[in-house]
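Here are the chains, one letter per residue:
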Amino acid sequence: MQRDPFTDLAARYTEVRARSTALCAPLAPEDHVPQPVADVSPPKWHLAHTTWFFEALLLTPAWPGYRVHHPGYGYLFNSYYEGEGPRVPRAQRGTLSRPTVAEVHAYRAHVDAAVQAWLATRPTPEWLERLELGLQHEQQHQELLLTDIKFILGHQPLRPAYARADTGAVDPQHEHAAQDAGPLRWIAHPGGVVAIGHAGPGFAFDNEGARHEVLLQPFGIANRLVSNAEYAAFIESGGYERAQHWHAEGWDWRSASGERAPMYWFRGEGGAWWHQTLAGPQPLPADAPVTHVNWYEACAYADWAGARLPTEAEWEAAATGAGLPWGRRWEWTASAYAPYPGFRRATGSVGEYNGKFMVNQQVLRGMSFATPPGHARPSYRNFFHPPLRWQYTGIRLARS
C-alpha cells in the first residue's frame, strides 16, 4: 500500500513542533524570558519565532484568507528578514515580558491547527518545500534553544541544573560522554580532485550547493576530537599566555575578555577543573571532547599542538571517503564562510536565510550533542563568528 506523503508530512510536522515544546518543559516560566547577552535569545522568543516563520513565510502567502493570530507578533518575532518589515532589535528580545508563555503556546496551537488544515487541502510541491524549510528551520532553533537555555542557567550564580535525567527530548548524561581518547592517530587522505556539496537525495540548505570539485593536497586528519585532558594541558603549559600561538584578533579577544579556559570551566576545591553542565556543576571528564571553545582558541590549540584546523573541503572529503568518525561536536574549520561556485540566493524573504551572512564568519562541520535527530549530514555548513563559543563547538586537528 502506497503511503500518503501529505499524511507523513503532517505527522512529521507534529513531531518536530512537539520537540520544541518538550525542550522547554523542564523550565520555570521565569526561565523563558532572560537574555543575558545579545547572542542568546530567550526560550519564549524561540517558541514564538519558529511559529512566526510558518505563519509569515508559509500560511500567509500560500493560503488565501488565512488571518494572522496577532497583528503585532510580526514585529516581535521576526528575526532578521528585512523583506518582512521592521522588528524588535535582537539585543532587546529579553525585554518582552508580553506575550506571556501561555499566550505563546496559544499562538503555537493556532498556527499548528492552521498548518494541518492547510495540508489537508493538498498544496503544491512548491509550498511543501517551504514547509520542509520551516521544519528544518525549527530544528536549527531547537539546537539554539538548548544551548541558549544552558547559557541562561549556567551563568546564574546558583548554577542551577536544566535537568538531571532524560527529559524525553534530551538526555543530559550524554552531553559530555567520553570518547575513545587513546593515542591520537592520523587518517591519511591522498588528496586529488574531490567533489563536495550536497549531492542528494533529501533536503539541504541552499548554502550546501552547488556541488563542485576542489583540488586537495595530501593531508592527515585526526581520528578523534581533542579531549578535555589535552586542552587542560594546553592551559597548564601557558597556552593562553603565549602570543605566538594566537592570531592577532584572538590575542585581542583573550586580552579584552580575560578568558583563560573554555566557557563553563571553573576551578573546584584543590584546583581541579569543574564545568557547568545541563545537569549542574560536575567534575570535568578527562576523556570527553573539549567543547565551548571559539575559533581563536581552536586555532591557538592547534598551533601549540604542531598542527592546524582542517579546511571544510578536507573535512567533507574525509567524512565521506575516509571513514572519519564524527558527530559529537561542531568542529571548527580553517575555512571562511563564503558561497560555493554556482550558489544562487532564492527570491523573496527566504533568500535572506543564508547568503547574506557570508562574511566574517568561519565554517563548522559535523553536528553536536544538541543537534536534533535526523538533522545532520556531511555537507551541512554551520557558521559562526570567531569569538563565539556558547554552542557545542570542538576541535579536530589536521596536518599537511
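Reading the values: the criteria
- Residues numbered from 1 in each chain as written.
- Predicted model: local features only at pLDDT ≥ 70, side-chain atom pairs only at ≥ 80, totals over all residues.
- Heavy atoms only, no water.
- Helix = DSSP H or I, 4+ residues; strand = E, 2+ residues; numbered from the N terminus.
- Buried < 20%, exposed > 50% of the residue type's maximum accessible area, 1.4 Å probe, protein only.
- Areas by Shrake-Rupley, 256 points an atom, 1.4 Å probe, with all protein chains shown as cover.
- Lys, Arg positive; Asp, Glu negative; His and termini not counted.
- Charge placed at Lys NZ, Arg CZ, Asp CG, Glu CD.
- Salt bridge = Lys/Arg side-chain N within 4 Å of Asp/Glu carboxyl O.
- Phe/Tyr/Trp six-rings, centres within 6.5 Å; stacked < 30°, edge-to-face > 60°.
- Lys NZ or Arg CZ within 6 Å of the ring centre and 35° of its normal.
- 1 Å grid on protein atoms, 1.4 Å probe; cavity = no way out; pocket = protein on both sides within 12 Å on 5 of 7 lines; lining within 4 Å.
- Points joined across faces, edges and corners; volume = space filled by probe spheres on them.
- Nonpolar A, V, L, I, M, F, W, Y, C, P; charged D, E, K, R; others polar.
- pLDDT = per-residue confidence, 0-100.
- Core = buried A, V, L, I, M, F, W, Y, C linked by side-chain atoms within 4.5 Å.
- Contact = heavy atoms within 4.5 Å.
- Pairing = 2+ DSSP bridges.
- Polar contact = N/O pair within 3.5 Å; in protein donor to acceptor, adjacent residues only side chain to side chain.

Participant: Hey, could you run me through the overall build of the protein chain in this one?
Facilitator: Scanning the protein chain from N- to C-terminus turns up nine helices and 12 strands. Once the C-alpha set of the protein chain is aligned to its principal axes, its extents read approximately 65 × 55 × 45 Å. The proportion of buried residues among the 400 residues of the protein chain is 54%. Accessible surface computed for the protein chain: about 17100 Å², of which carbon and sulfur atoms make up 56%. The protein chain carries 35 positive and 39 negative side-chain charges, and their two centres are separated by 1 Å.

Participant: Whenever I open this one, the pattern of salt bridges confuses me. Can you help?
Facilitator: It is possible for side chains of opposite charge to pair when their charged atoms get near one another. Using the criterion set out here, one finds 20 salt bridges in the structure. Between Arg254 and Glu241 there is a salt bridge, and its shortest N-O distance comes to 2.8 Å. Of this pair, Arg254 sits in helix 7 (residues 248–257) while Glu241 sits in the loop between helix 6 (228–236) and helix 7, placing them 13 residues apart in sequence. We classify Arg254 as buried; its relative accessible area is 9%. A single salt-bridge network, built from bridges that share partners, covers Arg17, Arg108, Asp112 and Glu138.

Participant: Can you help me understand the packing of aromatic side chains in this one?
Facilitator: For any pair of aromatic rings, the description consists of the separation of the ring centres together with the inter-plane angle of the planes. Throughout the structure, instances matching the rule amount to 32 aromatic pairs. Ring plane angle 25° and centroid distance 4.7 Å describe the contact between Tyr80 and Tyr81, whose orientation is recorded as stacked. For Tyr80, a relative accessible area of 24% gives the class partly exposed. Judged by its relative accessible area of 0%, Tyr81 is buried. Above the face of the Trp45 ring, Arg93 is positioned so that its terminal group lies 3.7 Å from the ring centre.

Participant: Explain the layout of surface pockets to me, please; I cannot follow it from the model alone.
Facilitator: Here the idea is plain: a probe the size of a water molecule rolls over the atoms and shows the empty space left. Put simply, the largest pocket is a space of about 810 Å³. Residue lining of the largest pocket: 32 residues in total, with Tyr80, Arg90, Leu144, Phe383 and Phe384 positioned closest to the centre. The biggest single contributor to the lining of the largest pocket is helix 5 (residues 125–154), with six residues. Classifying every residue of the lining of the largest pocket gives 12 nonpolar, 14 polar and six charged. Considering only enclosed or pocket space, the second largest pocket measures out at about 330 Å³ in volume. Lining the second largest pocket are 14 residues, with Glu129, Arg130, Leu133, Ala346 and Val350 positioned closest to its centre. Among the residues forming the lining of the second largest pocket, the class breakdown is eight nonpolar, one polar and five charged.

Participant: Any chance you could explain the confidence of the model for the protein chain here in plain terms?
Facilitator: Interpreting fine coordinate detail is not advised for predicted regions of low pLDDT. Averaged over all residues, the pLDDT of the protein chain equals 97, while 100% of them reach at least 70. Mean pLDDT across the elements of the protein chain ranges from a minimum in helix 1 (residues 5–24), with 96, to a maximum in helix 8 (residues 295–304), with 99.

Participant: Would you explain the nonpolar core in this entry?
Facilitator: Here is a general trend for soluble globular proteins: nonpolar side chains tend to be buried in one another's company. Counting residues in hydrophobic clusters, the biggest one holds 90 residues, and the most contacted among them are Phe77, Leu131, Tyr162, Tyr231, Trp265 and Ile395. Looking at this core, the elements with two or more residues in it are helix 1, helix 2 (43–62), helix 3 (73–77), helix 4 (101–119), helix 5, helix 6, helix 8 and strand 8 (330–336). Setting aside its immediate chain neighbours within four residues, Ile395 contacts Leu225, Val226, Tyr231, Val290, Val293, Ala298, Tyr301 and Leu309. Ranked by size, the runner-up nonpolar core spans 14 residues in total, among them Ile196, Ile221, Ala313 and Tyr340.

Participant: Please clarify how the pairing of strand 1 (residues 186–189) should be interpreted in this entry.
Facilitator: Side-chain positions along a regular strand alternate between the two faces of the sheet. Burial along strand 1 is one-sided: Ile187 and His189 are buried, and none of Trp186 and Ala188, which face the opposite way, are. Inspection of the sheet shows strand 1 paired to strand 4 (residues 219–222) by four bridges, in the antiparallel sense. For His189, the partnering residue across the bridge sits in strand 4 and is Phe219.

Participant: Is there a simple way to think about the environment of Asn294 in this case?
Facilitator: Considering the arrangement of structural elements, one finds Asn294 in the loop between strand 7 (280–283) and helix 8. Judged by its relative accessible area of 0%, Asn294 is buried. Sequence separation between Asn294 and Pro183 is 111 residues; the distance between their C-alpha atoms is 24 Å. Discounting residues that sit within four places of it in the chain, Asn294 has contacts with Trp253, Trp332, Pro386, Pro387, Leu388 and Arg389. From its side chain, Asn294 meets the backbone oxygen of Pro387 in a polar contact 3.2 Å long.

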